[in-house]
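# Topology and contacts: notes
So the chains spell out like this:
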Amino acid sequence: MALTETRHDSTAGHAEGSPGGLSDSPLVTLDAYFGAGDHKVVGRLWLLGSVLFLLAGAVISLVAAAEHTDLGAFTISDDAAGFAQLWSLGRDLLIFGGLIPMFVALAIYVVPLQVGSFSLAFPRGAAAAFWTWLVGIILVIVSYAAGGGPGGWSTDHVVMWAAALGFVVLALLWAMVCIASTVLGARTAGMDLDRVPVASWGFLVFSLGGLFSLPLVVAQLVLAYLDVKHGFLPDETSRIPLVGVTDSVSLAPGLYWLGVPALAIAVEAIGVHTGRPVRFHRPVLALLGLLGVVAYGADMFTFASRGRQIAFDNGLLVAALIASVLPVLATLGLAGDSLRTGALRLRTPLVAGLLSGLLLLSGAAAALLGVIWPIVGFLNKNFDTDLSLDVSLDLAATTFHEGIFGLIVGAAVLGGIAGIHHWAHKIWGRSLDDRLGLTTSLAAAGGGLVWGVGGIIAGFLGQVRLPNVGETIPDGAEAMNGVSTAGVALLTLAALLLLANIGKAATGSGSANEPWQGLSLEWATPSPPPLSNFAALPVVRSATPLADPEFLIPASAVATDAATTASPTEHA
Amino acid sequence: MTDITPFDAIPDQAPLAPRSKPRLLLIGTSLVSLAVTMGFAGLVGFYLSSRADVLRTGEPWPPKGVEVPLTQPNMMMFTLVFSAATMAWALQAMRNDDRPNFHIAAGLSLFLGFAFLAQTAYLLTIMELEVAASPRAPLIYAVIGTHMVLQVAAMAYLAGMALRAFGGEYSAKDLEGVYGVAMFWYTTVGLYLVLWYAIYITK
């Protein structure tokens, strides 16, 4: 089967009739994984890889944060350039190794099931993208270890970093083409775009946002490659600004792009775990789309004018930052109706989803503090006012951005935790440990919040983002740097617990009973679903197809089914 | 959990959804074209921004001694515009189930694509712009080189689809692959027009 084909007749990598766990099927071999054409096998691969690199990124970020607490003497990295390398490696792994691939993984697994497709669009392409990403991200780590990356001293390995990260981004782009094509072109009959489940819609907005934004990262990596290769950035100090290559996806408001799928998963989880699907389906879809457009769209068109520096003195950027808060707030408000009227069951997907939404909202709201200074400047300049501020709000080069990054990363990790727990039974045929999941969620929420608060306060105190050796720490900032480090440590713990929980489920522990059921099409399949997902489907007539008359379960089937499940009332 | 699912229990009289063939290749190509356009626009944007910085300082651009000719870029533009016409011919031929004409038109498009690449390679040899001469020089080569890569990708795509058509695939009722390759081809032609204006005309 060619990369451009989308047949669902491949048996490679799928043990028909098995529970789908990683170890309990004798038919699952290494060869089957390499040649996988089943989106469920490919999705599991992406998921496992992403959680591993999320953990790696968190550990490196923890080391960088610890280094940040004592600027008098760099203990692990030799100098400012070495610190930039460490800091940048953590960021590359968190974003391109952990968070984006985690949402890609969930989308590859869940989207075809939710939209009633027999397969992912271009499943071999998605598999090829996984292997390209895996090799690329390993090469990124190798290049850093050998003196590459921003601030790297080895020209060859800085060039290698640019090329490897470029391949990683291209692989993610190709996976996003597969996801978006599935939502746009492989929906079952009757499932119009406004009937697409919220999670799949969120993945569509995420993928389209990626297709708009990530090519700019590739373009910058091409330029970095050429600049370094041809000697325009001759030494490690001149290469420190290369950390800005990923600014378009790591600074607000472009950073909120990572919050779109997290928020969508949160809404989906709230609907299922309160037993009340979100009533305002279309407005929620519109708001998620708006968040994608406002957050990334505005940032994209202002990025070139930033001159590779963080600056809030841009009217469109300020407007985008302000406007980004509204869709997050409104989406949570609409989802709140389900919380108010439904039965509140404090399971991991619901708790993690809610915390994710709240952290995203707090990140977007906190970013508004950064626009006070340019607004005051604008008023003073244009309206003859004489406003003055007691504290410096010029936060451009400070850890203020680290704080916002921490909050949004926390929100994205929580979104991933919510999604993995929500669909764990569909993915592995086993539920994840809910108590461990709740602990993981609290660790991630605490980590994101503490990282964020520490960074933001240190930023107001004047702590610079990428310091030099021996640089004076502003009064009080050292303690805040310590607080940030504690936050990153908590987030690292959350990634570790998540990996342990997945390991338990993938190796066959955990409940085999379907723990809950929603009203979207993935819940109409066994867990894990068979090779082609569905034999055939009735025409979908609403956004909650399993409540449609054509899908209604006869009482006899419900009785048989409910006898083995946790609670019959939890069924749709 | 038993294997009984809501789906298993669907009443016999429920109308099943028709299994239509989705136009995934066309949608996928559109998305790839979008991503390619964004990346290319980013590169051109960086070039224009960088060029504006140089002009703001009062320095000349292009640097003294560097000649960016216009004859070859114009010829290249006409070549690609012709190739867009032959691609439209190929699409129309397949719409009419006229395979001989499709193969001629696809072959001509490929030939014009090769001609474009050859002219670009020649242009690069006569531009005499040293890569190490200025930080902007790699930018010019990045933009031109990226477009060459895209053109090669479009030609490979066309060659693949033409081979499939040669093997009997595609017809007036199944044009998806031909539509897809035509869309990508037109995208590369459009991007060259941007490049032609931004680099060769305005320098």
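All values derive from a computational prediction rather than experimental measurement.

## What to know about the overall build of chain A
A count of helical and extended segments in chain A gives 17 helices and zero strands. Evaluated residue by residue, chain A yields a buried proportion of 63% over its 572 residues. Within chain A, contacts between residues at least 6 apart in sequence are counted, and of these 84% link residues at least 24 apart. Accessible surface computed for chain A: about 18600 Å², of which carbon and sulfur atoms make up 66%.

## Some points on the overall build of chain B
On a plain count of helices and strands, chain B comes out with five helices and zero strands. Put simply, chain B has 203 residues, and 48% of those count as buried. Carbon and sulfur atoms form 66% of the exposed surface of chain B, whose accessible area is close to 9400 Å².

## Points about the layout of surface pockets
One number sums up the size of the largest pocket: a volume of about 1500 Å³. Taken together, 41 residues line the largest pocket, and the ones lying closest to its centre are A:Leu170, B:Val32, B:Val36, B:Val149 and B:Leu150. Elements with a minimum of two residues in the lining of the largest pocket: helix H4 (123-145), helix H5 (155-185) and helix H6 (198-229) of chain A together with helix H1 (24-56) and helix H4 (137-166) of chain B.

## Structural notes on empty space enclosed by the protein
Residues and elements named next belong to chain A. For the coordinates displayed, the defined rule picks out six cavities of 30 Å³ or more. The calculated volume of the largest cavity comes to roughly 220 Å³. As for the largest cavity, its lining consists of 19 residues, and the residues nearest its centre are Ala65, His68, Trp87, Glu402 and Trp451. Sorting the residues of the lining of the largest cavity by element identifies helix H2 (39-69), helix H3 (80-114), helix H14 (400-428), helix H15 (434-460) and helix H16 (477-506) as the ones contributing at least two each.

## Some words on the confidence of the model for chain B
Scored by pLDDT, chain B has a mean of 86; 89% of the residues are at 70 or more. pLDDT under 50 marks residues 1-7 of chain B. Its contacts with residues more than four places away, or in other chains, come to 27 contacts.

## Comments concerning the nonpolar core
All names here are of chain A. Counting residues in hydrophobic clusters, the biggest one holds 223 residues, and the most contacted among them are Trp46 and Phe96. Looking at which domains feed residues into this core, each of domain 1 (29-250) and domain 2 (255-509) gives three or more. In this view, Trp46 contacts Pro101, Val104, Ala105, Ile108, Ala126, Ala129, Phe130, Trp133, Leu172 and Ala175; residues no more than four positions away in its chain are not counted. Core analysis: the second largest hydrophobic core is formed by nine residues, Ala64, Ala84, Trp87 and Ile240 among them.

## Concerning helix H9 (residues 259-273) of chain A
Compared with the 21 Å implied by 1.5 Å per residue over 15 residues, the 21 Å span of H9(A) between its first and last C-alpha is a close match. Following H9(A) by one or two positions, A:Gly275 adopts a phi angle in the positive range, close to 75°.

## Observations regarding the packing of aromatic side chains
Residues and elements named next belong to chain A. Across all of its chains, the model carries 13 aromatic pairs over all chains by this definition. For the ring pair Phe206 and Trp257, a centre distance of 4.9 Å and an interplane angle of 15° mean the geometry is stacked. In this pair, Phe206 sits in helix H6 while Trp257 sits in the loop between helix H8 (247-250) and H9, placing the two residues 51 residues apart along the sequence. Accessibility expressed as a relative area gives 3% for Trp257, which makes it buried. An aromatic cluster is present here, built from Trp46, Phe53, Phe130, Trp131 and Trp133 joined pairwise through their rings. Across the ring face of Phe405, the terminal group of Arg91 is positioned such that the distance to the ring centre comes to 3.7 Å.

## Quick look at the pattern of salt bridges
All names here are of chain A. Counting across every chain of the model gives seven salt bridges over all chains. With its nearest N and O atoms 3.0 Å apart, the salt bridge here joins Arg279 to Asp337. Taken together, the residues span a long stretch of sequence, with Arg279 in the loop between H9 and helix H10 (281-303) and Asp337 in helix H11 (residues 315-341) at a distance of 58 residues. Here Asp337 and Arg340 are joined by a salt bridge, their closest N and O atoms 3.0 Å apart. Of this pair, Asp337 and Arg340 both sit in helix H11, three residues apart, which is roughly one turn of that helix. Relative accessible area serves as the criterion here: at 10%, Asp337 is assigned to the buried category.

## Things to note about the packing of helix H3 (residues 99-127) of chain B against H4(B)
All names here are of chain B. At a minimum axis separation of 10 Å, H3 and H4 run at an interaxial angle of 160°. Between H3 and H4, the crossing angle belongs to the class labelled roughly antiparallel. The handedness of the crossing between H3 and H4 is left-handed. Residue composition of the contact of H3 with H4, by class: 19 nonpolar, six polar and one charged.

## Focus: the side chain of A:Glu268
Tracing the chain through its elements places A:Glu268 in helix H9. Apart from the residues within four sequence positions on either side, A:Glu268 is in contact with A:Gln114, A:Pro197, A:Val198, A:Ala199, A:His422, A:Trp423, A:Ser520 and A:Glu522.

## As for the packing of H15(A) against H16(A)
All names here are of chain A. Put simply, H15 and H16 touch, their axes get as near as 7 Å, and they point 155° apart. As far as their axial angle goes, H16 and H15 are roughly antiparallel. When you trace H15 past H16, the crossing you get is left-handed. Residue classes in the contact of H15 with H16 are distributed as 18 nonpolar, 12 polar and no charged.

## Points about a nonpolar patch on the surface
A cluster of nonpolar side chains, namely A:Val135, A:Ile138, A:Leu139 and A:Val142, defines an oily patch on the protein surface of about 310 Å² accessible area. Note that A:Val142 resides in helix H4.

## With respect to the environment of A:Val228
Residue and element names in this part refer to chain A. Among the secondary structure elements, Val228 is positioned in helix H6. Along the backbone, Val228 and Val159 are 69 residues apart, and their C-alpha atoms lie at a distance of 6.5 Å. Look past the residues within four positions of Val228 in its chain and what remains in contact with it is Thr155, Val158, Val159, Leu233, Arg239 and Leu242.

## A few points about the side chain of A:Arg91
Residue and element names in this part refer to chain A. Tracing the chain through its elements places Arg91 in helix H3. With a relative accessible area of 4%, Arg91 lands in the buried category. Ignoring any residue separated from it by four or fewer positions in sequence, one finds Arg91 in contact with Ser61, Phe96, Ser250, Glu402, Phe405 and Arg465.

## Let's talk about the confidence of the model for chain A
Looking at chain A as a whole, its pLDDT mean stands at 83, while 83% of the residues score no less than 70. Residue range residues 8-24 of chain A is modelled with pLDDT below 50. Its contacts to residues more than four positions away, or to other chains, number 46 contacts.

## Quick word on the environment of B:Ser50
All names here are of chain B. Note on placement: Ser50 falls in helix H1. Accessibility expressed as a relative area gives 13% for Ser50, which makes it buried. For the pair Ser50 and Arg136, spaced 86 residues apart in the sequence, the C-alpha separation amounts to 6.9 Å.

## Examining H16(A)
The end-to-end C-alpha separation of H16(A) is 43 Å, in line with the 44 Å expected for 30 residues at 1.5 Å each. Phi for A:Gly508, located one or two positions after H16(A), is positive at around 105°.

## Focus on unusual backbone geometry
The peptide bond linking A:Ala252 to A:Pro253 adopts the cis configuration, its omega dihedral lying at 5°. Secondary-structure assignment places A:Pro253 in the loop between H8 and H9. Following A:Ser527, the chain continues to A:Pro528 via a peptide bond in cis, the omega torsion being -15°. By the element assignment, A:Pro528 lies in the loop between H16 and helix H17 (555-562). One non-glycine residue, A:Phe122, lies in the positive phi region at around 50°. Phi angles above zero are rare outside glycine, and B:Tyr170 is one such case at about 70°. Tracing the sequence through the fold places B:Tyr170 in the loop between H4 and helix H5 (176-201). What makes B:Tyr170 buried here is its relative accessible area of 7%.

Criteria and cut-off values
- Residues numbered from 1 in each chain as written.
- Chains lettered and ligands numbered in written order.
- Predicted model: local features only at pLDDT ≥ 70, side-chain atom pairs only at ≥ 80, totals over all residues.
- Heavy atoms only, no water.
- Helix = DSSP H or I, 4+ residues; strand = E, 2+ residues; numbered from the N terminus.
- Buried < 20%, exposed > 50% of the residue type's maximum accessible area, 1.4 Å probe, protein only.
- Contact = heavy atoms within 4.5 Å.
- Areas by Shrake-Rupley, 256 points an atom, 1.4 Å probe, with all protein chains shown as cover.
- 1 Å grid on protein atoms, 1.4 Å probe; cavity = no way out; pocket = protein on both sides within 12 Å on 5 of 7 lines; lining within 4 Å.
- Points joined across faces, edges and corners; volume = space filled by probe spheres on them.
- pLDDT = per-residue confidence, 0-100.
- Core = buried A, V, L, I, M, F, W, Y, C linked by side-chain atoms within 4.5 Å.
- Domains from an automatic or database assignment.
- Expected span 1.5 Å × (residues − 1).
- Phe/Tyr/Trp six-rings, centres within 6.5 Å; stacked < 30°, edge-to-face > 60°.
- Lys NZ or Arg CZ within 6 Å of the ring centre and 35° of its normal.
- Salt bridge = Lys/Arg side-chain N within 4 Å of Asp/Glu carboxyl O.
- Axes fitted to C-alpha atoms, helices over the stretch in contact; angles between N-to-C directions.
- Parallel < 35°, antiparallel > 145°, perpendicular 65-115°, else oblique.
- Left-handed = near helix turned anticlockwise from the far one by under 90°.
- Nonpolar A, V, L, I, M, F, W, Y, C, P; charged D, E, K, R; others polar.
- Patch = residues over 30% accessible without salt bridge, like charges linked within 9 Å, V, L, I, M, F, W, Y side chains within 5 Å.

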